[in-house]
Amino acid sequence: MKKRMKYGLVSLGLSIMLLGLSACSNIRVVDRNSTDGTSAEQSEDGSSGQSEKSGTTGDMSTGGTEAAPTTEIVERPASEYEQISNKLEAWWFKRNDQHLPSGCQEDFDISQYHAYYVNSNAQDNVIYLTFDCGYENGYTAEILDTLKEQNVKAVFFVTQTYIRDDPELVIRMKEEGHMVGNHTITHPSLPGMSIEDQKAEIQGCADYMKEATGYDMDPYIRPPRGEYSERTLQLCEDLGYCTIFWSMAYLDYEVNNQPTPDYVLQHFDKYCHPGAMPLLHNVSSANTQALPQLITNLREAGYRFGTIDEFCNFKDSSVPQ
């Protein structure tokens, strides 16, 4: 495995595109028969929907090259949001088995909205563990035990329902040094909602966390179902959030259709890359069983476990710069 995970300087040419929808949805693998690895999948209506903010050039996925987002909430009139494309996008990426960062959607540069799916500016073999938590299936405590024993930090994206039903686990996440990000109140598709309803979903989840646990929610959000638009990314940025997608994923959220722990290990062996942000689900028995060996394997392959604030830093707007 150590040899398989080395960062190879080879071209990104892969025919598999992964269209990933987050917790409680589907992850589809589509063979695009592509040879250059550059094709992008349009939405069903095929429209482009570029906003005035779109069209910047450069790496769509990188962190660390833009000005740090501010935690200050930006009040923007509804008329301004109406000028930004609300074309529905569903996050997808192209797997790469040469241990290079995955390709991703190419319609517009997501990083202009402080949205990221990989740290492709990573200078070393670093990986960022991310877990989506829509509900509890009896495994999160064991996951936290493993992370504590291995001294690994992660980010957990939680819904209000999860906080309501398992506040002690959320408190434990924070007490043990993990980040807890926003996954909204009811896990809706944000582009189909009004601006006010989106704000209620996002701010309501954060407010509830503070009330239920005493902790502030960390300024990171994962779009429910992996569905987003330029407008929703702008809104999340205005609310003080970095939007976090993923560069690795597999079918781990169907509790009655779990992969084997060996599959999890083999998947990371084949597709892990520097700056990777794998999408994991806390309801997965396979993830839970594989996690101790996975951490060991990755460390033996030269990887370290980082936290996403390494490349998506927020400056405190109350502190003079």
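Before reading further, recall that the structure is shown in the block above.
Computed from a predicted model, the values in this text were never measured in an experiment. (Residues numbered from 1 in each chain as written. Predicted model: local features only at pLDDT ≥ 70, side-chain atom pairs only at ≥ 80, totals over all residues. Heavy atoms only, no water.)

Right, let's get into the nonpolar core. Trp91, Leu129, Phe131, Leu147, Phe156, Phe245 and Phe268 are the most contacted members of the largest nonpolar core, which has 64 residues in total. A per-element tally of this core places helix H8 (residues 285–300) first, with six residues. Those residues in contact with phenylalanine 131, other than ones at most four positions away along the chain, are Ile143, Leu147, Ala154, Val155, Phe156, Phe157, Leu280, His281 and Asn282. Counting 13 residues, the second largest nonpolar core, distinct from the first, contains Val126, Val155, Phe157 and Met179. (Core = buried A, V, L, I, M, F, W, Y, C linked by side-chain atoms within 4.5 Å. Buried < 20%, exposed > 50% of the residue type's maximum accessible area, 1.4 Å probe, protein only. Helix = DSSP H or I, 4+ residues; strand = E, 2+ residues; numbered from the N terminus. Contact = heavy atoms within 4.5 Å.)

Let us look at unusual backbone geometry. Peptide bonds are mostly trans, and most non-glycine residues show a negative phi. At asparagine 151, a residue that is not glycine, the phi angle is positive and equals roughly 55°. Along the polypeptide, asparagine 151 turns up in the loop between helix H2 (140–150) and strand S9 (154–158). Its relative accessible area of 59% is what places asparagine 151 among the exposed residues. The phi dihedral of threonine 184 falls on the positive side, at around 75°, and the residue is not glycine. By the secondary structure assignment, threonine 184 is in the loop between strand S10 (179–182) and helix H5 (195–213). Looking at threonine 184, the relative accessible area reads 0%, which means it is buried.

Moving on: the pairing of S9. Burial within S9 is extensive, with five of its five residues counted as buried. Along S9, one buried face is formed by Ala154, Phe156 and Val158 and the opposite face, lined by Val155 and Phe157, is buried too. Pairing of strand S8 (residues 129–133) with S9, which is carried by five bridges, proceeds in the parallel orientation. Bridge assignment links aspartate 132 to a residue of S9, and that residue is phenylalanine 157. Viewed along the sheet, the connection from S8 through H2 into S9 turns out right-handed. Where S9 and S10 come together, four bridges link them in parallel fashion. (Pairing = 2+ DSSP bridges. Right-handed = clockwise from strand over helix to strand, strands pointing away.)

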